[in-house]
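So the chains spell out like this:
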Amino acid sequence: MGNIFANQEVREAERLLWKAVMDQCPLEFLPLNCRAYNCLHFADDIHTMRDLVSLTEQDLMEIPSLGKKTVLEIKELLANFGLSLATNNQLTTNPRRII
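These notes cover the structure that comes with them. These figures come from a predicted structure and were not determined experimentally.

A closer look at the overall build of the chain
- Broken down by element type, the chain carries six helices and zero strands.
- Put simply, the chain runs from its N terminus to its C terminus through helices and strands in the order α-α-α-α-α-α.
- Expressed as a percentage of the 99 residues in the chain, the buried residues total 31%.
- In the chain, 62% of the contacts between residues at least 6 apart in sequence involve partners at least 24 apart.
- When the accessible area of the chain is evaluated, it comes to approximately 6700 Å², of which 57% is carbon and sulfur surface.

Structure, rendered in C-alpha cells:
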C-alpha cells in the first residue's frame, strides 16, 4: 500500500513541477509560428505561458493581425501541452487564471 501513495506523491510532485515550469515559460521557448509569436510579443502583457492561458479566445481575436487560423494554431499548441485558453466563467472567478 505504501508504494501506491508514494507513486501518487511522485505524480503530484511532477505535476507541480510542470506547472511551475509552464507558468514561467517565456513565449520565445514555445514552438509558435512567426505570425503568432510576433502578434503575441507586441501585444501588452503577454510574455509567458501563464499570460497566454489567462486569455480567452475573444481576447486573442482582438489582438491586431491575429486571425482565426492563428488562434486555432495557438489552441492546438496549448492542447499539446494539456492546456487551454481561459473561458469567460474562469475569468469571473480569477482574472489571471493559473494553469
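Moving on from the model shown.
Some details on helix H2 (residues 34–42)
- Turning to H2, its buried residues number three or more, namely Ala36, Cys39 and Leu40. Seen from one end, H2 has its buried residues packed into an arc of 95°, which puts them on one side. Summarising the geometry of H2, the exposed residues directed more than 90 degrees from the buried face are Cys34 and Phe42.
- Lining the buried residues of H2 we find helix H3 (49–53), helix H4 (57–61) and helix H5 (68–80).
- Two or three places before Arg35, at the opening of H2, Asn33 has a side-chain oxygen 3.2 Å from that residue's backbone nitrogen.

Remarks on the side chain of Ser54
- Its place among the elements puts Ser54 in the loop between H3 and H4.
- By relative accessible area, Ser54 is classed as buried at 3%.

Some remarks on H5
- When the terminal C-alpha atoms of H5 are compared, their 18 Å separation across 13 residues agrees well with the 18 Å that a helix rising 1.5 Å per residue should span.
- Of all the positions in H5, only Thr70, Val71, Ile74, Leu77 and Leu78 are classed as buried. Buried residues of H5 fall within an arc of 120° about the axis and therefore sit on the same side. Facing away from the buried surface of H5 by more than 90 degrees, the exposed residues are Lys68, Lys69, Ala79 and Asn80.
- Here the buried face of H5 lies against H2, H3 and H4.
- Looking one or two places after H5, you find Gly82, whose phi comes out positive at around 75°.

Reading the values: the criteria
- Residues numbered from 1 in each chain as written.
- Predicted model: local features only at pLDDT ≥ 70, side-chain atom pairs only at ≥ 80, totals over all residues.
- Heavy atoms only, no water.
- Helix = DSSP H or I, 4+ residues; strand = E, 2+ residues; numbered from the N terminus.
- Buried < 20%, exposed > 50% of the residue type's maximum accessible area, 1.4 Å probe, protein only.
- Contact = heavy atoms within 4.5 Å.
- Areas by Shrake-Rupley, 256 points an atom, 1.4 Å probe, with all protein chains shown as cover.
- Arc of directions from axis to C-beta.
- Polar contact = N/O pair within 3.5 Å; in protein donor to acceptor, adjacent residues only side chain to side chain.
- Expected span 1.5 Å × (residues − 1).

Treat this as a map of the structure, not an account of what it does.
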